[in-house]
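So the chains spell out like this:
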Amino acid sequence: MTVIDTATPAEAPAVRAGRLFVGGKWREASDGGRADVVAPATGRKLTDVAKATIQDVDDAVRAARAAFDSGIWSGLSGRERSRVLHRAHDLIRERAEELAYVESQDAGKPITFARVVDVEHSALQYEYAASLGQHLDGSVRETPGNTHAYVRREPLGVVAAITPFNFPLILSSTKIATALVAGNTVVHKPASDTPLTALLIAEILQEAGVPDGVFNVITGSGAQLGDHLVTHPDVDKVAFTGSTDVGAHVAELAGRSLRPVTAELGGNAANILFADADLDQALGAIIPAFVFNAGQFCMAGPRLLVERPLYDVVLGILADAVPGVPFGDITDPTTVIGPLASQNQLDKVSALVQAARDAGARVIAGGEKVDLDGGFYYRPTVLADVDNDNPAVAEEVFGPVLTVQPFDTEDEAVALANSTPFGLASGIQTSNLAKAHRVAAKLDAGITWVNGWALLDPSVPFGGVKKSGWGREYGPEALDSYLRSKSIVINLDEGAGR
Ligand code: NAP
């Protein structure tokens with residue numbers, strides 16, 4: 001087996017071995033199958049991991065079910081689980097450099113961002129979820145008559161946590177930490193393109209004291225294993241993040257057995273730049289909103305709507321500024337834009353930009369692949385002269401591509417922003433606070449940022465409307481989706497219960 005071939009600060013045994021984590025034990029796939037993991041920065045094999053089979057899914061779900069039913073985790077108090085998750089948080093911080101390195105190599109992330117975004121936010125998620133463990137109290141209800149009524153908050157059971165390729169650590173942390181603090185057990189299936197940090201998290205959770213079987217990782221193909229996992233009779237909830245198409249498919253399957261699903265899906269957010277904005281500050285939100293993570297983030301801001309008096313000015317600034325954003329070597333701490341995560345992503349983005357040009361888009365910057373060390377690099381790209389039907393506007397590009405459209409009135413800006421089937425994020429750049437509140441209330445999106453972009457905190461709920469999905473992650477709202485309430489009403493009449 002080829003292992004990560006660049007000098008590494010620490011090669012974790014779990015990543016080296018690339019095995020499944022089932023019932024607290026590391027093991028190969030039942031048929032011995034392996035799948036290659038490719039480094040986006042070089043296009044070469046980084047390592048390989050076990051390719052789980054249906055039997056492995058069954059084993060992982062069985063382990064999670066048995067652990068849940070035994071009460072070894074679900075029977076602890078929230079406070080006890082909280083302590084374990086605080087230890088996990090501490091271990092993530094202790095192993096931050098190793099996690100950042102593996103995430104950077106596996107997903108093609110510039111190392112600085114892997115450190116300050118991916119690992120940092122993963123740690124924050126565990127810390128925040130641990131704090132929620134102190135507040136799992138139920139409630140007492142005032143009922144007429146001689147009864148005592150109270151409501152318990154109970155875990156759901158076995159959670160299938162399925163994540164996409166773009167933020168492996170952060171997106172798994174939101175699910176795993178919240179599911180665990182609520183008392184559930186978890187079977188995690190990371191994306192095939194970026195499975196490595198899930199193995200490190202398994203090691204960390206075990207070391208933190210999560211009992212065997214409570215957390216399980218199966219690496220393998222979603223197309224081959226996904227349907228079986230989400231319809232497994234012993235799975236009680238599906239927590240899915242990924243594309244709208246696969247999310248809708250998962251929700252349909254889970255819906256047949258009335259299994260709860262949270263679905264965090266695609267996005268195509270608009271960023272509205274009003275002429276009264278502080279332009280320097282606004283550009284500090286506009287450019288990162290489409291280049292960060294090479295544009296592969298659900299909450300990216302790939303559609304810039306500019307009030308007409310600023311339209312040509314902004315195009316000129318972007319034409320000058322975007323080519324200068326540090327691009328290339330992901331091990332260089334100054335790099336901002338790395339490669340796309342896979343050949344597939346590179347092909348998709350190239351095809352979409354070509355389709356946008358064919359439909360009349362004018363290229364202001366970028367618009368081409370870059371041949372660099374065999375990696376999957378695409379230049380940050382700005383497109384003007386696009387209408388709502390242009391494919392780069394109408395579809396989720398999921399690459400470092402910005403379209404720029406002018407608007408004349410506030411109502412037109414809102415209509416353009418909302419003219420997409422998606423509704424995950426949105427942004428308003430203005431110095432007029434009254435306008436900011438007014439427009440924010442009209443935008444069809446789960447979150448709106450004013451004078452900034454991607455201002456995230458584990459306490460602030462995040463999720464979509466329309467085709468961006470159901471449910472919320474982050475905040476106490478996320479915890480609610482991993483718990484159910486049980487009402488208990490006791491007859492206090494003399495003699496009752498004897
Ligand atoms: P994807 O193709 O939908 O895959 C997501 C996950 O689902 C992967 O683990 C995949 O496994 C698995 N999967 C595939 N088929 C399945 C099936 N039939 N049943 C169950 N699971 C199945 O998404 P992606 O391309 O990795 O990620 C990009 C998408 O995610 C974008 O649309 C982006 O907007 C969205 N996203 C949304 C959020 C949010 O919070 N709203 C956050 C990040 C990303 P394999 O990898 O093995 O195929």
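Heads up: these notes are all about the structure in this document.

### Focus on the packing of aromatic side chains
Tallied over the full model, the rule gives 9 aromatic pairs. Ring geometry for F113 versus F292: centroids 5.6 Å apart, planes at 50°, classification tilted. Highlighted residues: F113 in helix α5 (residues 111-132) and F292 in the loop between α10 (279-291) and β13 (303-307), separated in sequence by 179 residues. On the basis of relative accessibility, which here comes to 15%, the residue F292 falls in the buried class. Through a chain of ring-to-ring contacts, the aromatic side chains of F113, F167, F292 and F297 assemble into a single cluster. Sitting over the face of the ring of F167, K109 holds its NZ or CZ atom 3.8 Å from the ring centroid. Its guanidinium or amino end placed over the ring of Y482, K237 lies 4.6 Å from that ring's centre, counting from NZ or CZ.

### So, the site of the ligand
Around the ligand sit 32 residues in total, of which S192, G222, S243, L265 and E396 are the nearest. In this structure, an oxygen atom belonging to the ligand sits 3.1 Å away from a side-chain N or O atom of K189. Here a nitrogen atom of the ligand sits 2.7 Å away from a polar atom, N or O, in the main chain of L265. Of all the elements in the fold, those that place two or more residues in the shell around the ligand are α8 (222-231), β10 (237-241) and α9 (244-256). Per-element tally for the shell around the ligand: the top contributor is α8, with 4 residues. Residue composition of the shell around the ligand, by class: 15 nonpolar, 13 polar and 4 charged. Two domains each provide a minimum of three residues to the shell around the ligand, namely domain 1 (20-265 + 468-485) and domain 2 (270-450).

### Focus: the pairing of strand β12 (residues 270-273)
Looking down a regular strand, the side chains alternate between one sheet face and the other. Where burial is concerned, the two faces of β12 agree: the one with A270 and I272 and the one with N271 and L273 are both buried. Crossover connection from β12 via α10 to parallel β13: handedness right-handed. The sheet contact formed by β12 and strand β20 (residues 425-429) spans 4 bridges and is parallel. Looking at the pairing, L273 lines up with Q429 of β20.

### Brief notes about helix α14 (residues 410-418)
Those residues of α14 not exposed but buried are E410, A413, V414, L416, A417 and N418. The inward-facing, buried residues of α14 contact β12, β13, β18 (401-407), α15 (433-442) and β22 (465-466).

### Description of the pairing of strand β8 (residues 185-189)
The buried count for β8 comes to 5 of 5 residues, which makes it a mostly enclosed element. In this structure, strand β7 (residues 158-162) lies alongside β8, joined through 5 bridges in parallel fashion. When the bridges of β8 are listed, I162 appears paired with K189. Taken together, β7, helix α6 (residues 168-181) and β8 form a β-α-β motif whose crossover is right-handed. Both β8 and strand β9 (residues 215-217) contribute to a ladder of 3 bridges, which runs parallel. Each residue of the ladder has a partner; that of V187, found in β9, is N216. Between β8 and its parallel partner β9, the chain crosses via helix α7 (residues 196-208), and the hand of that crossover is right-handed.

### A short note on the sheet that holds strand β24 (residues 483-491)
Strand order across the open sheet formed by 3 strands is β5-β6-β24, with antiparallel pairing between neighbours. Edge strands, defined here as strands with exactly one partner in the open sheet, are β5 (139-141) and β24. The mean angle between the axes of side-by-side strands here comes to 25°, regardless of whether they run parallel or antiparallel. Looking at chain direction, β5 and strand β6 (residues 147-155) are connected through 3 bridges and run antiparallel. Bridged to S139 within β6 is V151.

Reading guide: rules and limits
Residues numbered from 1 in each chain as written. Predicted model: local features only at pLDDT ≥ 70, side-chain atom pairs only at ≥ 80, totals over all residues. Heavy atoms only, no water. Phe/Tyr/Trp six-rings, centres within 6.5 Å; stacked < 30°, edge-to-face > 60°. Helix = DSSP H or I, 4+ residues; strand = E, 2+ residues; numbered from the N terminus. Buried < 20%, exposed > 50% of the residue type's maximum accessible area, 1.4 Å probe, protein only. Lys NZ or Arg CZ within 6 Å of the ring centre and 35° of its normal. Near = heavy atom within 4 Å. Polar contact = N/O pair within 3.5 Å; in protein donor to acceptor, adjacent residues only side chain to side chain. Nonpolar A, V, L, I, M, F, W, Y, C, P; charged D, E, K, R; others polar. Domains from an automatic or database assignment. Right-handed = clockwise from strand over helix to strand, strands pointing away. Pairing = 2+ DSSP bridges. Contact = heavy atoms within 4.5 Å. Axes fitted to C-alpha atoms, helices over the stretch in contact; angles between N-to-C directions.

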